[in-house]
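Results of the structural survey
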Amino acid sequence: MDRLTSMGAFVMAAESGSYASAAERLGLSPQMVAKHVAALERRLGARLLNRTTRRQSLTELGSAYYERCKHILSEAQAADSLAQIMNDTPRGKLKISAPVTFGSYSLMPFVTEFLRQHPAVEIDLHLTDRFVDLVEEGYEVTFRIGPLAASSLTARPLAPYRLVACAAPSYLTDRGVPQIPSDLKNHECLGYAYWSRPADREWVFCKGSAVEQIQVFSRLHVNESKALLSAALDGFGIVLGPEDFLEPALRGGELVRLLADYEAPSRQMHLLYTANRQKTAKLRRFIDAALARFGAP
């Protein structure tokens, strides 16, 4: 028999005064309690309890053994509690992937806040705009912008990744301000290299129930957001970029938002992780916190 279980039965029998009372409190039969006590007595080669039909009492050894058993059981419970605490406390390294611009401007403040709240956690954040394979590359969670292909991954929807169109005052002075989305056909529009497929050259704007898809012209495609912003600030063309990334330049007047009467284009965004992964405390807390910060309204 399991020695700790037998010790627990013995301690309960000693404290409750009978096998029947101990059995009721432990959810066992009186016979099973008696077997546990008998197993300990065989192991020790001595009696622990003196029993008659009317009463029971601890032997001298039983009294000393009872005190030691209480201490051992208390320590075992403390060890179990420690394991539970460690399992519930976020700790260890978390490997995350995210798109470059979102990771640099939206995700990074969230990551540093998360690390301050959980000092036992490390985060290995990889920023890339290429498609990453969570299983093959060892990521625990990734942020992904755009439509999702069918997969076995768990996908949690996030708030859409909002885009805005804007340009430098010098460009607008030279080329004029577009008043409606179709005016963009006559403008220099800066293209993001990862969105350079034919379908991605369509900039979509909404006003009420009306949706306008505009095929824009781009002579410059760049695969890095800061470089694209630099071209826009230089007055070379109109940029369609993430709202949070462009907001400082808009606030400072270096860029002017265009087509403000139209709803800004947006892209689907999801938080992905493997469905069959046993979620550790650090992963559970990160997913919960990320959904609270970036989740769909």
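Per an unreviewed UniProt entry, the protein is named LysR family transcriptional regulator, and its organism is Azorhizophilus paspali. As recorded by UniProt, the Sequence similarities (unreviewed entry) comment attached to the protein reads in full: "Belongs to the LysR transcriptional regulatory family."

Attention shifts here to the overall build of the protein. Scanning the protein from N- to C-terminus turns up 10 helices and 15 strands. The C-alpha atoms of the protein give 33 Å as radius of gyration, which overshoots the globular expectation for 297 residues (19 Å, by more than 25%). With the C-alpha coordinates aligned to their principal axes, the bounding extent of the protein is approximately 105 × 35 × 35 Å. Counting the 297 residues in the protein, one finds 39% classified as buried. Long-range contacts, defined here as pairs at least 24 residues apart, represent 73% of the contacts in the protein between residues at least 6 apart. Accessible surface, the protein: about 16500 Å² in total, of which carbon and sulfur atoms supply 50%.

Time to look at the pairing of strand β10 (residues 210–215). With six bridges joining them, strand β9 (residues 202–207) and β10 adopt antiparallel strand pairing. Its bridge partner being in β10, Phe205 is matched across the sheet by Glu212. Hairpin geometry of β9 and β10 is characterised by an intervening segment of two residues between the two adjacent antiparallel strands and by a positive phi of about 65° at Gly208.

This part covers the confidence of the model for the protein. A low pLDDT means the predicted coordinates there should not be read in detail. Here the protein averages 87 in pLDDT, and 93% of its residues register 70 or above. Every residue in residues 195–199 is under pLDDT 50, and counting partners more than four places away or in other chains gives eight contacts.

Looking at the second largest pocket, its volume works out to about 170 Å³. Every residue lining the second largest pocket is listed: Phe102, Ser106, Ala159, Pro160, Tyr161, Arg162, Glu243, Asp244, Met269 and Phe294. When contributions to the lining of the second largest pocket are tallied by element, the ones reaching two or more residues are α5 (100–117), β7 (161–167) and α9 (243–251). For the lining of the second largest pocket, a count of residues per class yields six nonpolar, one polar and three charged.

Per the stated rule, a full pass over the model turns up two cavities of 30 Å³ or more. Within this model, the second largest cavity holds a volume of roughly 30 Å³. Around the second largest cavity, the lining residues are Leu163, Val164, Ala165, Phe205, Arg257, Leu258, Leu259, Tyr262, Ala264 and Pro265. Take the lining of the second largest cavity: its biggest share by element is three residues, from β7. For the lining of the second largest cavity, a count of residues per class yields nine nonpolar, no polar and one charged.

Let us now look at the pattern of salt bridges. Using the criterion set out here, one finds six salt bridges in the structure. Among the ionic pairs, Glu243 bridges to Arg162, the shortest N-O distance being 3.1 Å. Of the two residues, Glu243 is situated in helix α9 and Arg162 in strand β7; the sequence distance between them amounts to 81 residues. The exposure class of Glu243 is partly exposed, given its relative accessible area of 27%. The closest approach of N and O atoms between Glu188 and Arg219, which form a salt bridge, is 3.1 Å. With Glu188 in the loop between α7 (169–175) and β8 (189–192) and Arg219 in the loop between β10 and β11 (221–222), this residue pair connects regions lying 31 residues apart in the sequence. The class of Arg219 is exposed, set by a relative accessible area of 57%.

Moving on, we come to the environment of Leu26. Along the chain, Leu26 falls in helix α2 (residues 19–26). Considering only alpha carbons, one finds Leu26 and Arg293, 267 residues apart in sequence, at a separation of 46 Å. When near neighbours in sequence (up to four residues on either side) are disregarded, Leu26 contacts Gly8, Ala9, Met12 and Val33.

Between α2 and helix α3 (residues 30–44), the shortest axis-to-axis distance is 8 Å and the interhelical angle comes to 105°. Considering their axes alone, α2 and α3 lie roughly perpendicular with respect to each other. Residue-level inspection shows Tyr19, Ala20, Ala22, Ala23 and Leu26 of α2 in contact with α3, the latter providing Pro30, Val33, Ala34 and Val37.

Using the criterion set out here, one finds zero disulfides in the structure. Of all cysteine sulfurs in the structure, the one in Cys189 sits closest to Cys206, which takes part in no disulfide; the separation is 17 Å.

Conventions used here
- Residues numbered from 1 in each chain as written.
- Predicted model: local features only at pLDDT ≥ 70, side-chain atom pairs only at ≥ 80, totals over all residues.
- Heavy atoms only, no water.
- UniProt positions renumbered as here; feature names shortened; annotations may be inferred.
- Helix = DSSP H or I, 4+ residues; strand = E, 2+ residues; numbered from the N terminus.
- Rg over C-alpha atoms; globule rule 2.2 N^0.38 Å.
- Buried < 20%, exposed > 50% of the residue type's maximum accessible area, 1.4 Å probe, protein only.
- Contact = heavy atoms within 4.5 Å.
- Areas by Shrake-Rupley, 256 points an atom, 1.4 Å probe, with all protein chains shown as cover.
- Pairing = 2+ DSSP bridges.
- pLDDT = per-residue confidence, 0-100.
- 1 Å grid on protein atoms, 1.4 Å probe; cavity = no way out; pocket = protein on both sides within 12 Å on 5 of 7 lines; lining within 4 Å.
- Points joined across faces, edges and corners; volume = space filled by probe spheres on them.
- Nonpolar A, V, L, I, M, F, W, Y, C, P; charged D, E, K, R; others polar.
- Salt bridge = Lys/Arg side-chain N within 4 Å of Asp/Glu carboxyl O.
- Axes fitted to C-alpha atoms, helices over the stretch in contact; angles between N-to-C directions.
- Parallel < 35°, antiparallel > 145°, perpendicular 65-115°, else oblique.
- Disulfide = S-S within 2.5 Å.

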